[in-house]
Each structure stands twice: as structure tokens, then as C-alpha cells.
Amino acid sequence: MTVPRDGALLVVGDVVTDVVARHRGPLAPGTDTAAAVRILPGGAGANVACWAAHRGCADVRLLGRVGGDSAAWHERELAACGVRPLLVVDAEAPTGTVVCLVDTDASAERTFLTDSGASLRLEPRDWSEALLDGVVRLHLSGYLLFSATGRAVVAEALASARARGVPVSLDPASAGFLVGLGVDRFLALVDGVDVLLPSRDEACLLTGLPDAADAAAKLSRHIPLVVAKQGADGALVARDGAVLARVPARPATPRDTTGAGDAFTGAFLAALLAGAEPQDAAAEGCRAGARAVERVGGRPPSAR
């Protein structure tokens, strides 16, 4: 069994405000569609940090950038989930906002309308090697790769982590944004990452292969450990060009799939830090993903 590592998990990524609109059936163009609307804290990076803390990681820290309009609220919400917020307040841009359209008649599948705002304005001066003091794993949200300043932060963070021997994980974040970034460019930018956690669509896009298992295996020739999230089909664990395990999903009745992949990632990382083998950590991720889809929004229950 992997030896537990005594130290903190540092997550670097996005903090946004989610506007979750749960509607039944197709949207009605040009008129009203009845929906239940809630405003909730979100962001892939922030969600991962909260689920890692919820899974039992005692020291989780989050570096992100927000606008002054909601900085205090986001700090309170992160702290309530057991995360130490290290938020940079942007003087020019508001906090990012994501409108999550959730069709309750379609397995709670969601569509995002994204205004990245301050979340993609994290820049190299926001990074400091001292942020790694006491840190035993660094996790990077793939959304950082979709802005020039974010890519510069990723490069600096990876270099700092390598110098200290801190392993790094990354979640590609968005198949739609990956198309614009380009596969070759993405793979070059993540050189040095130890664990990649793509969704099925992201894994297939990054390899050009239609089968998720083949895609995960191919990716693991470039990145030491690949854990491909398959939603209702569980997860695949691949290393050295081969799939080592197929981890089944946990039964769930979906209400909102927003943040399910983030829940998986957070629980997976917490279990990995606690000494679990990747297959067992992926099973923890599947458990968290099942809990997440039965809640509205991307966060676990807060401690308060």
C-alpha cells in the first residue's frame, strides 16, 4: 500500500459563482421556461478542494482569483467546507459566473454558459514558491490552461513543484475549451504532471480514439498515471500504456451532475494522500461522484 503523506494539498484553480437553473424538458425559445434557480459557490478548482476536505484531507488550500464583488462570500463558503482560501482579489474583473442549465428530464445533464471573469486572470505574480511550504501534492485545474496568464502560472507552479519533489495532478476541465487550445499544445503544457484525470470525452479528444479504455491507455504512455472518469460507467485507471483497473460507479439518482467530476477528483486525491492505491482511490472518487449528483450544485455539504 502507498505510504500516507503528512502534509497539505494545494489546489490552484478557478472560483466562480454558479447560477443553477433546473428545468424540466426542452427550453422554450422566445418565451418562459419554468425553472428552480439557485445561486451557489462553484468553480472546478474550488469544488475539488472542498470535496478533498470533505473526504478527510485535513489541510486543503486553494489559490484562486475572484472579484471584489463576492470575495468575502467565497472565502466564507470555502472555509465552511474546511478549505483554507488563498484568494487574490482582482481590481478590474468581477468573479467568474457560470449559468448551469440542468434538464431534470435528461439524467440531470447540464449545459454551461461561462463568463470566466477573474477566474482566468490568475497570473505569475499571484504564484510564489512559498505556497508549497508544507504541501505534499499540488493539483491544477485545467481551466488555467485556457488563458495566457494561467498557462504561465501552470509553468511556474510545475517548475516549483519539480524543484521540491511535489507530485502534480491536473484535470483537463473542458472538452469544449480543449478543442480551441489544441491537443498537441495541451500535452506539451502538462509535461511533468504525474496524474491526469480526464473525463471520457476529454480522454478521447486528447488521443483521437473513440474507445475510452484505449484512450486512457494511450495517455498513460505520456503521463505516469491516468484516471479517466466515466460518469455512470465508473472510472478507468491506466499506467504504462495499459488499463490496470475498471472501477464501477456507485448507484445514484441524479438531481444535478454539476461538479460530479470535481467531487471524484477531490475524493480521489484525498484518498491518495491518505495512502490508498490508485484503484482504491478511484473507488472513493466514484462514491463522492454518486453523492454529488444527488445534490444541487458542485459542493459537498458544508461543516457549518
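Scroll up to find the structure this text is about.
Heads up: these notes are all about the structure in this document. Each chain has its residues counted from 1, following the order in which its sequence is written. Local features in this predicted model are restricted to residues whose pLDDT is 70 or higher, and side-chain atom pairs enter the listing and the counts only when it is 80 or higher, whereas totals over whole chains, interfaces and linings include all residues. Values reported for side chains reflect all heavy atoms of the structure, with hydrogen atoms and water molecules removed beforehand.

## Regarding the sheet that holds strand β5 (residues 83–90)
- Pairing is mixed across the open sheet formed by 9 strands, whose spatial order is β5-β4-β1-β8-β9-β10-β11-β12-β13. Looking at which strands have only one partner, the edges of the open sheet turn out to be β5 and β13 (242–247). Any two strands are treated as partners once DSSP identifies two or more bridges connecting them. Starting at the N terminus, helices and strands are each numbered in turn, a helix being any DSSP run of H or I of at least four residues and a strand any DSSP run of E of at least two.

## As for the sheet that holds strand β6 (residues 96–103)
- Spatial ordering of the open sheet is given by β3-β2-β6-β7, a layout of 4 strands whose pairing is mixed. Two strands close off the open sheet at either side, each with one partner strand: β3 (35–42) and β7 (109–115). Direction aside, neighbouring strands of the sheet carry axes that sit 20° apart on average.
- Along the sheet, helix α2 (residues 71–80) contacts β2 (16–23) and β3; its crossing angle with β3, the most-contacted strand, is approximately 80°. Angles run from 0 to 180 degrees between N-to-C directions of axes, and those axes are lines fitted to C-alpha atoms, restricted for helices to the stretch in contact. Two residues qualify as a contact provided that any one of their heavy atoms is within 4.5 Å of a heavy atom in the partner residue.

## Some details on unusual backbone geometry
- A positive phi angle, near 85°, is found at A173, a position not held by glycine.
- Here A173 lies in the loop between β9 (168–171) and α4 (175–181).
- Even without a glycine there, the phi angle at D240 is positive, about 55°.
- Here D240 is to be found in the loop between β12 (235–239) and β13.

## Brief notes about the state of the cysteines
- Here, a disulfide means two cysteine sulfur atoms that sit within 2.5 Å of each other. Applying the stated criterion across every chain, the model contains 0 disulfides.
- Of all cysteine sulfurs in the structure, the one in C50 sits closest to C57, which takes part in no disulfide; the separation is 12 Å.
- Think of it in three bands: with a 1.4 Å probe and only protein chains considered, a residue is buried below 20% of the maximum accessible area for its type, exposed above 50%, and partly exposed in between. Given the relative accessible area of 11%, C57 is considered buried.
- Not part of a disulfide, C286 finds its nearest cysteine sulfur in C204, a span of 17 Å.

## Quick word on the packing of aromatic side chains
- Each Phe, Tyr or Trp ring, with Trp reduced to its six-membered ring, pairs with another whose centre is within 6.5 Å; inter-plane angles below 30 degrees give stacked pairs, above 60 give edge-to-face pairs, and intermediate values give tilted ones. Tallying each qualifying case throughout the model produces 4 aromatic pairs.
- Relative to F177, the ring of F146 lies with its centre 5.2 Å away and its plane at 65°, an arrangement referred to as edge-to-face. A residue pair is termed long-range when its members are at least 10 positions apart, and F146 in the loop between β8 (135–141) and α3 (148–164) and F177 in helix α4 qualify at 31 residues.
- Residue F177 is classed as partly exposed on the basis of its relative accessible area, which comes to 34%.
- Measuring from ring centre to ring centre gives 6.2 Å for F264 and F268, while their planes differ by 10°; the resulting arrangement is stacked. On the criterion of helical spacing, the pair formed by F264 and F268 is a turn pair, its members being 4 residues apart in helix α8 (residues 260–273).
- The exposure class assigned to F264 is buried, which follows from its relative accessible area of 5%.
- A relative accessible area of 0% means that F268 is categorised as buried.
- An aromatic cluster is built from Y143, F146 and F177, whose rings are joined through pairwise contacts.

## Here we look at the packing of helix α6 (residues 200–207) against helix α7 (residues 212–219)
- At their nearest, the axes of α6 and α7 sit 8 Å apart, and the two run at 60° to each other. Of the two possible hands of crossing, α6 and α7 adopt the one that is left-handed. Contacts from R200, A203, C204, L206 and T207 in α6 reach A212, A215, K218 and L219 in α7.
- Any residue that is not Ala, Val, Leu, Ile, Met, Phe, Trp, Tyr, Cys, Pro, Asp, Glu, Lys or Arg is counted as polar, Gly included; the first ten are nonpolar and the last four charged. Taken together, the residues of the contact of α6 with α7 sort by class into 6 nonpolar, 1 polar and 2 charged. Left-handed is the label given to a crossing in which the near helix is rotated counterclockwise from the far helix by less than a right angle, and right-handed is the label when the rotation is clockwise.

## Digging into the side chain of D126
- Inspection of the secondary structure assignment puts D126 in the loop between β7 and β8.
- When its relative accessible area of 14% is taken as the criterion, D126 is described as buried.
- Within the structure, the side chain of D126 is placed 2.6 Å from the side chain of R65, a separation counted as a polar contact.
- Beyond its immediate stretch of four places on either side in the chain, D126 contacts L63, R65, V88, R121 and L131. Think of a polar contact as two N or O atoms within 3.5 Å of one another; within protein, one of them needs to be a possible hydrogen donor and the other a possible acceptor, and neighboring residues in sequence only count if both atoms come from side chains.

## A closer look at the side chain of E202
- Looking at the element boundaries, E202 is found in helix α6.
- For E202, which is buried and forms no salt bridge, the nearest opposite charge comes from K229, at a distance of 5.8 Å.
- In terms of polar contacts, E202 uses its side chain to reach the backbone amide nitrogen of S199, at 2.8 Å.
- Residue contacts for E202: discarding those within four places in its chain leaves D171, P172, A173, S174, A175, L178 and L197. In summary, the charge assignment counts Lys and Arg as positive and Asp and Glu as negative, without counting His or the chain termini. Salt bridges are identified by distance alone: a Lys or Arg side-chain nitrogen within 4 Å of an Asp or Glu carboxyl oxygen.

## Regarding the pattern of salt bridges
- For the coordinates displayed, the defined rule picks out 13 salt bridges.
- With a closest N to O distance of 2.5 Å, K229 and D171 form a salt bridge. Here D171 lies in strand β9 and K229 lies in strand β11 (residues 225–229), a separation of 58 residues in the sequence.
- A relative accessible area of 8% places D171 in the buried class.

These values are about where atoms sit, not about what they do.
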